[in-house]
Amino acid sequence: MVRLLGTANTTAEILQHAQLTPTECRDQPPPLSLFPKCPPGSRSGDFIPLFRMADCEQATEVEVIEKALNDWAARPRSLYAVYREEPAGGYLFNWVPRGEYGIIYRSENGVAITFHVARGVIVGAGPGCGSTPEGLLQGVTPDRILLGPLSAP
């Protein structure tokens, strides 16, 4: 998974290796809700497959996810750290599924993103609201760090 994330150039490449979480949609989602807008062919209350991502502790909309991942994949980046997530299961910010592992990448401008991986697939992501890689790794105890922190190339 580390290699894939290090070389992916588009959202589509990333999502080929992602778990999409069934998520209830709404025709007219209320402001500041976790409900995505229903795509054509579905109606309020239907569950749609969705890659879950959060930014600044807020659920991210489908269009924003695609743009954010495309922007990220188009830039040079480097691996910063891999760590074991604790506790396994549950959700970050009540939205992004936790993985077994977190993989932190740093982009060329120093901003970081964490991909959460479980059972060999990406289950969610979080850019961390403009956080540095050091900031994203801050709450991880040394015994859970499997690789890193790595210096920028």
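These numbers come from a predicted model, not from an experiment.

Caption draft 1: Seen up close, a nonpolar patch on the surface. On the surface, a cluster of nonpolar side chains totalling about 320 Å² of accessible area is made up of Tyr 101, Leu 146, Leu 147 and Leu 150. You can see Leu 147 is positioned in strand 11 (residues 145-147).

Caption draft 2: Quick peek at the state of the cysteines. According to the stated counting rule, one finds 1 disulfide in the structure shown. Paired through a disulfide, Cys 25 and Cys 38 show a sulfur-sulfur distance of 2.1 Å. On the sign convention where negative is left-handed, the bridge of Cys 25 and Cys 38, at about 95° about the S-S bond, is right-handed. With Cys 25 in the loop between strand 1 (21-24) and strand 2 (47-50) and Cys 38 in the loop between strand 1 and strand 2, this residue pair connects regions lying 13 residues apart in the sequence. We note that Cys 25, like Cys 38, is buried.

Caption draft 3: Spotlight on the packing of aromatic side chains. Considering all chains together, one arrives at 2 aromatic pairs under this definition. With 5.7 Å between their ring centres and 75° between their planes, Trp 72 and Tyr 105 make a pair best called edge-to-face. Placement of Trp 72 in helix 3 (residues 62-73) and of Tyr 105 in strand 8 (residues 101-107) is noted, with a sequence separation of 33 residues between them. Comparing Trp 72 with Tyr 105, the two get one shared label, buried.

Caption draft 4: Focus on the side chain of Glu 85. With respect to the secondary-structure elements, Glu 85 resides in the loop between strand 5 (77-84) and strand 6 (91-92). The side chain of Glu 85 is buried and forms no salt bridge, while Arg 98, the nearest opposite charge, is found at 5.1 Å. Within the structure, the side chain of Glu 85 is placed 2.5 Å from the backbone nitrogen of Gly 99, a separation counted as a polar contact. The contact partners of Glu 85, leaving out residues within four places of it in the chain, are Arg 98, Gly 99, Glu 100, Tyr 101, Gly 102, His 116 and Arg 144.

Parameters at a glance
Residues numbered from 1 in each chain as written. Predicted model: local features only at pLDDT ≥ 70, side-chain atom pairs only at ≥ 80, totals over all residues. Heavy atoms only, no water. Patch = residues over 30% accessible without salt bridge, like charges linked within 9 Å, V, L, I, M, F, W, Y side chains within 5 Å. Areas by Shrake-Rupley, 256 points an atom, 1.4 Å probe, with all protein chains shown as cover. Salt bridge = Lys/Arg side-chain N within 4 Å of Asp/Glu carboxyl O. Helix = DSSP H or I, 4+ residues; strand = E, 2+ residues; numbered from the N terminus. Disulfide = S-S within 2.5 Å. Buried < 20%, exposed > 50% of the residue type's maximum accessible area, 1.4 Å probe, protein only. Phe/Tyr/Trp six-rings, centres within 6.5 Å; stacked < 30°, edge-to-face > 60°. Lys, Arg positive; Asp, Glu negative; His and termini not counted. Polar contact = N/O pair within 3.5 Å; in protein donor to acceptor, adjacent residues only side chain to side chain. Contact = heavy atoms within 4.5 Å.

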